[in-house]
Amino acid sequence: MTELVTWTSWALLALAAAMSAAATVRLPAGWARACEFPRVQIMLASIAAAAALVLTSSTWTWTIVACIVLAAFTTAQQLRHILPYTSLWQKQSADTGSAAESTLKVLVSNVLQTNSRYAMLADQIKLHQPDMVVVMEVDDVWIAALREATDPFPYKVEVPLNNKYGIALYSKLKIDEDCVTYLVRQDVPSLITTCQLATGRKVRFIALHPEPPMPHEGSVERDAEIVLAGVIAAQEPFPAIVTGDL
């Protein structure tokens, strides 16, 4: 049993380390980019594997030391990306204060086209009363199901599709009517518009749903769409919000 645990732990640690390394490589391959997502799982797997090896070993050997060092490097690599999104890290954004006219409340949801729990999202829209709503993977059925919840929004841009890349934007603030664009592929729409707050301040709003990185496919188009959105935001003379399913 101990031998099985040892080999399993080594295999798990090697896999975690390999995935951690793959995520750092600038390689336009789906399998490499997919390693950027399960960071918490990779970190926990490396810690668990190292702990199992230490607990099942009767003596300290260079092999055990090597596994601890490898697990430490893997954990540190993942924490480097995880910690900035926790309360332990210093915030990059400043507090806006309580002035409603200077804030923008956005609700973003990837509904999953095959999902039929329409009322759950409709209830969230009614509950939170956002200024703008972005929904992705919407088809004609989803658009119709959300109509009651989205009717109060005077400005609407709807691009329902059956390929899981449909997108819609509902706004209480005036937006550009011709905001639909196709950054990379003609069947994957994005929305780029400008809205104006009550204070008169303009904000560039970018909503996109790039292709997810598939292990068996390249990620050039997906990576390019995210980079293009970043370039557009960086070139804007006023603040920009980039949102969607990233």
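Residues numbered from 1 in each chain as written. Predicted model: local features only at pLDDT ≥ 70, side-chain atom pairs only at ≥ 80, totals over all residues. Heavy atoms only, no water.

Caption draft 1: Focus on the environment of Gln77. As for its position among the elements, Gln77 is in helix H4 (residues 62-82). When its relative accessible area of 19% is taken as the criterion, Gln77 is described as buried. Within the structure, the side chain of Gln77 is placed 3.4 Å from the side chain of His81, a separation counted as a polar contact. (Helix = DSSP H or I, 4+ residues; strand = E, 2+ residues; numbered from the N terminus. Buried < 20%, exposed > 50% of the residue type's maximum accessible area, 1.4 Å probe, protein only. Polar contact = N/O pair within 3.5 Å; in protein donor to acceptor, adjacent residues only side chain to side chain.)

Caption draft 2: Quick look at the side chain of Ser219. For Ser219, the location among the structural elements is in the loop between strand E7 (202-208) and helix H8 (220-235). Ser219 gets classed as buried once you look at its relative accessible area, which sits at 1%. At 2.8 Å, the side chain of Ser219 forms a polar contact with the side chain of Asp223. What Ser219 contacts, discounting residues up to four positions off in sequence, is Leu27, Pro28, Ala29, Gly30 and Arg33. (Contact = heavy atoms within 4.5 Å.)

Caption draft 3: Local environment of the sheet that holds strand E3 (residues 155-159). Spatially, E1-E2-E4-E3 is the arrangement adopted by the four strands of the open sheet, whose pairing is mixed. Both edges of this open sheet fall to strand E1 (106-110) and E3, since each of them pairs with a single strand only. Neighbour-to-neighbour, the strand axes of this sheet turn through a mean angle of 5°, independent of strand direction. Taken together, the five bridges between strand E2 (residues 132-136) and strand E4 (residues 167-171) define a ladder with antiparallel strand orientation. (Pairing = 2+ DSSP bridges. Axes fitted to C-alpha atoms, helices over the stretch in contact; angles between N-to-C directions.)

Caption draft 4: A look at the state of the cysteines. By the definition in use, this model includes zero disulfides. With no disulfide partner, Cys179 has as its closest neighbouring cysteine sulfur the one in Cys195, 11 Å distant. With relative accessibility at 1%, the residue Cys179 sits in the buried group. (Disulfide = S-S within 2.5 Å.)

Caption draft 5: Focus on a nonpolar patch on the surface. A surface patch of nonpolar side chains, amounting to about 730 Å² of accessible area, comprises Trp60, Trp62, Val65, Ile68, Val69 and Phe73. As for its placement among the helices and strands, Val69 is situated in helix H4. (Patch = residues over 30% accessible without salt bridge, like charges linked within 9 Å, V, L, I, M, F, W, Y side chains within 5 Å. Areas by Shrake-Rupley, 256 points an atom, 1.4 Å probe, with all protein chains shown as cover. Salt bridge = Lys/Arg side-chain N within 4 Å of Asp/Glu carboxyl O.)

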